[in-house]
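Chain residues, written in single-letter form:
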Amino acid sequence: DTAVSQTPKYLVTQMGNDKSIKCEQNLGHDTMYWYKQDSKKFLKIMFSYNNKELIINETVPNRFSPKSPDKAHLNLHINSLELGDSAVYFCASSPGTGSHQPQHFGDGTRLSIL
Amino acid sequence: SQQGEEDPQALSIQEGENATMNCSYKTSINNLQWYRQNSGRGLVHLILIRSNEREKHSGRLRVTLDTSKKSSSLLITASRAADTASYFCATGPSSNDYKLSFGAGTTVTVRA
């Protein structure tokens, strides 16, 4: 009965590879997010979708491409992985848009680039 | 850029003591939220305070907001070992109501 689930939990790969992270929420929420948490625990928004429409697209390299096939799923594809991409990536969801909405987070995907 | 900044970065207290942490932010906000993150887990929403509110309580949590000083505090009373976690404030800026801006958190260790 996990609310927001991400796969995989751990991802270890070589520089230059392409990888995807998947996220699914069963809360019936309309809005989903991707965040990046660095080694100092600073959490930064990357993207947000509301009902499959992109509403937040922060300044991230265009090697990162989100895809939302339906409002319950938000995937993140990363091309040509670099050492600096090593981080924990969190998916989150909220009932709707608006910063007052409480966000529900998955347990993260720990990406390590060798 | 980073909006909220928590202080202190780390806090170690004895079980039963109170823990207080602060959050300062730079621009005007519509609301402020506090989240908890246990080691290896995602963030969990604790409490929301709106810009027209000064104080809110939830169980052992007390949050204050001073918009004139652009600061908020989170007090955890009668701490327990299970309160060991990182605590983050997240601000909803007035300029962009779609997103939350998080700080780097305060790491709280409760010693038994």
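What you see as residue numbers is a count from 1 along each chain, following the sequence as written. Numbering of ligands from 1 and lettering of chains from A proceed in the order in which they are written. Predicted model: local features are reported for residues with pLDDT of at least 70 only, side-chain atom pairs are reported and counted for 80 or more only, and whole-chain, interface and lining totals are derived from all residues. Excluding hydrogens and water, the side-chain figures rest on all heavy atoms present in the structure.

1. Regarding the overall build of chain A
Labels follow the DSSP assignment, with helices taken as runs of H or I lasting at least four residues and strands as runs of E lasting at least two, numbered in each case from the N terminus. Broken down by element type, chain A carries zero helices and 11 strands. In sequence order, chain A lays out its α and β elements as β-β-β-β-β-β-β-β-β-β-β. Only protein chains enter the area calculation, which uses a 1.4 Å probe; residues under 20% of their type maximum are buried, those over 50% are exposed, and those in between are partly exposed. Sorting the 114 residues of chain A into buried and exposed places 45% on the buried side. The contact criterion used is simple: two residues touch if any of their non-hydrogen atoms lie within 4.5 Å. Once local pairs closer than 6 in sequence are excluded, the contacts in chain A between residues at least 24 apart make up 54%. Here, Shrake-Rupley sampling with a 1.4 Å probe gives the accessible areas, and only protein chains in the shown set may cover a residue. Summed over all atoms, the accessible surface of chain A reaches about 5400 Å², with 49% contributed by carbon and sulfur. When the 12 positive and 11 negative side-chain charges of chain A are each reduced to one mean point, those points stand 5 Å apart. Note on charges: Lys and Arg go in the positive column, Asp and Glu in the negative column, and His and the chain ends are not counted at all. Here the site of a charge means NZ on Lys, CZ on Arg, CG on Asp, or CD on Glu.

2. Things to note about the packing of aromatic side chains
Stacked, edge-to-face and tilted are the three classes for Phe, Tyr and Trp ring pairs, Trp counted by its six-membered ring, which pair at centre distances within 6.5 Å; planes under 30 degrees apart are stacked, over 60 edge-to-face, the rest tilted. Counted by the stated rule, this structure contains eight aromatic pairs over all chains. Joined through ring pairs, the aromatic side chains of Tyr33, Tyr35, Phe90 and Phe105 of chain A together with Tyr35 and Phe102 of chain B make up one cluster.

3. What to know about the interface of chain A and chain B
Listed as interface residues are 24 residues of chain A and, on the opposing side, 23 residues of chain B. Taking both sides of the interface into account, the surface hidden between chain A and chain B amounts to around 1900 Å²; carbon and sulfur atoms contribute 52%. The salt bridge definition used is simple: a Lys or Arg side-chain nitrogen within 4 Å of an Asp or Glu carboxyl oxygen. The tally of links between chain A and chain B comes to two salt bridges. Aspartate 107 of chain A is the partner of arginine 41 of chain B in a salt bridge, and the nearest nitrogen-oxygen pair spans 3.0 Å. A 3.5 Å cut-off defines polar contacts: any pair of N or O atoms within that distance qualifies, except that in protein one atom must be a possible hydrogen donor and the other a possible acceptor, and neighbouring residues in sequence count only when both atoms are side-chain atoms. Taken together, chain A and chain B are joined by 10 residue pairs in polar contact (both at pLDDT 80 or more). Secondary-structure elements contributing two or more residues to the side of chain A that touches chain B are β4 (31-37), β5 (43-50) and β6 (53-57) of chain A. Gly counts as polar in this scheme, as do all residues outside two lists: the nonpolar Ala, Val, Leu, Ile, Met, Phe, Trp, Tyr, Cys and Pro, and the charged Asp, Glu, Lys and Arg. Residues belonging to the side of chain A that touches chain B are distributed by class as follows: 10 nonpolar, eight polar and six charged. Accessible area that two parts lose when put together, evaluated with a 1.4 Å probe and summed over both, is termed the buried area.

4. Things to note about the environment of glutamine 37 of chain A
Relative to the assigned elements, glutamine 37 of chain A resides in strand β4. Using a relative accessible area of 6% as the deciding quantity, one classes glutamine 37 of chain A as buried. Sequence separation between glutamine 37 of chain A and phenylalanine 90 of chain A is 53 residues, and the spatial gap between their C-alpha atoms is 7.5 Å. Not counting residues up to four positions away in its chain, the partners in contact with glutamine 37 of chain A are Phe42, Leu43, Ala87, Val88 and Phe90 of chain A together with Gln37 and Phe88 of chain B. A distance of 3.1 Å separates the side chain of glutamine 37 of chain A from the side chain of glutamine 37 of chain B, its partner in a polar contact.

5. Some thoughts on the nonpolar core
With 22 residues, the main nonpolar core has Met21, Leu32, Trp34, Leu46, Leu74, Ile76 and Tyr87 of chain B as its most contacted residues. Among the elements of the structure, β2 (10-14), β3 (19-24), β4 (29-37), β5 (43-50), β7 (61-66), β8 (71-76), β9 (85-93) and β11 (106-111) of chain B are those that each provide at least two residues to this core. Definition used in this section: a nonpolar core is a set of buried Ala, Val, Leu, Ile, Met, Phe, Trp, Tyr and Cys residues joined via side-chain atoms within 4.5 Å. Grouped together as the second largest cluster of nonpolar side chains are 19 residues, Ile21, Cys23, Ile78 and Leu111 of chain A included.

6. Here's the deal with the sheet that holds β8 of chain B
Residues and elements named next belong to chain B. Here the rule is simple: two strands pair whenever DSSP picks up at least two bridges between them. Read across the open sheet, the five strands follow the order β1-β3-β8-β7-β6; overall the sheet is antiparallel. The open sheet has two edge strands, β1 (5-7) and β6 (55-58), and neither has a second partner. Ignoring strand direction, the axes of neighbouring strands in this sheet form an average angle of 20°. One ladder, built from four bridges, connects β6 with β7; its direction is antiparallel. Each residue of the ladder has a partner; that of glutamate 55, found in β7, is threonine 64. Between N-to-C directions, angles span 0 to 180 degrees; the directions come from axes that are lines fitted to C-alpha atoms, helices contributing only their stretch in contact.

7. Some words on the environment of serine 86 of chain A
Residues and elements named next belong to chain A. Residue placement: serine 86 occurs in the loop between β8 (73-78) and β9 (87-94). Among the residues examined, serine 86 registers a relative accessible area of 33% and is labelled partly exposed. Taking the C-alpha atoms as reference points, serine 86 and glutamine 25, 61 residues apart in sequence, are found 24 Å from one another. Not counting chain neighbours up to four residues away, the residues in contact with serine 86 comprise Leu111, Ser112 and Ile113. Of the polar contacts made by the side chain of serine 86, one reaches the backbone nitrogen of isoleucine 113; its length is 3.0 Å.

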